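# Structure assessment
So the chains spell out like this:
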Amino acid sequence: MIKYSLDDSISELPRINEKHLKRFQKLGLNTIRDLLCHFPHRYDDFSNIKTINKLQLNETATIQG
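### With respect to the overall build of the protein
The helix and strand tally for the protein stands at two helices and two strands. Along the protein, helices and strands appear, N-terminal first, in the series α-α-β-β. Structurally, the protein occupies a C-alpha span of about 55 × 25 × 20 Å along its principal axes. Residues counted as buried form 12% of the 65 residues belonging to the protein. Pairs at least 24 apart in sequence give 20% of the contacts found in the protein among residues at least 6 apart. Within the structure as shown, the protein displays about 6,200 Å² of accessible surface, and the carbon and sulfur contribution to it stands at 54%.

### Things to note about the confidence of the model for the protein
Counting all residues, the mean pLDDT for the protein is 91, and 98% of those residues have values of 70 or more. When the elements of the protein are averaged for pLDDT, strand E2 (residues 62-64) gives the smallest value, 84, and helix H1 (residues 18-26) the largest, 96.

### Considerations on the environment of Met 1
Within the element layout of this structure, Met 1 appears in the segment before H1. For the pair Met 1 and Pro 14, spaced 13 residues apart in the sequence, the C-alpha separation amounts to 13 Å.

### Regarding the environment of Ile 2
Within the secondary structure, Ile 2 is located in the segment before H1. The exposure class assigned to Ile 2 is exposed, which follows from its relative accessible area of 64%. Once the C-alpha coordinates of Ile 2 and Leu 13 are considered, the two residues, 11 residues apart in sequence, prove to be 9.8 Å apart.

### Observations concerning unusual backbone geometry
Excluding glycine, most residues fall at negative phi; most peptide bonds, likewise, are trans. Not every positive phi belongs to a glycine, and Arg 15 is a case in point at roughly 70 degrees. You can see Arg 15 is positioned in the segment before H1. Although it is not a glycine, Asn 58 adopts a positive phi angle of roughly 65 degrees. Of note, Asn 58 is situated in the loop between strand E1 (49-51) and E2.

Here is what the cut-offs are and how they apply
Residues numbered from 1 in each chain as written. Predicted model: local features only at pLDDT ≥ 70, side-chain atom pairs only at ≥ 80, totals over all residues. Heavy atoms only, no water. Helix = DSSP H or I, 4+ residues; strand = E, 2+ residues; numbered from the N terminus. Buried < 20%, exposed > 50% of the residue type's maximum accessible area, 1.4 Å probe, protein only. Contact = heavy atoms within 4.5 Å. Areas by Shrake-Rupley, 256 points an atom, 1.4 Å probe, with all protein chains shown as cover. pLDDT = per-residue confidence, 0-100.

In structure tokens:
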């Protein structure tokens, strides 16, 4: 069993390749602590499904054609 510290680099985690590491660094995430404390700034709810003819101005919805 491998133990990690919260201050260890994200690069030490399994399955983190250079592509993932660059994306995390662009977000300012360098340590495991940074990764665990990173929360999305918004949540998109895709459950409001409507047909195109039922859409209203400035309404956020998922369309089904």
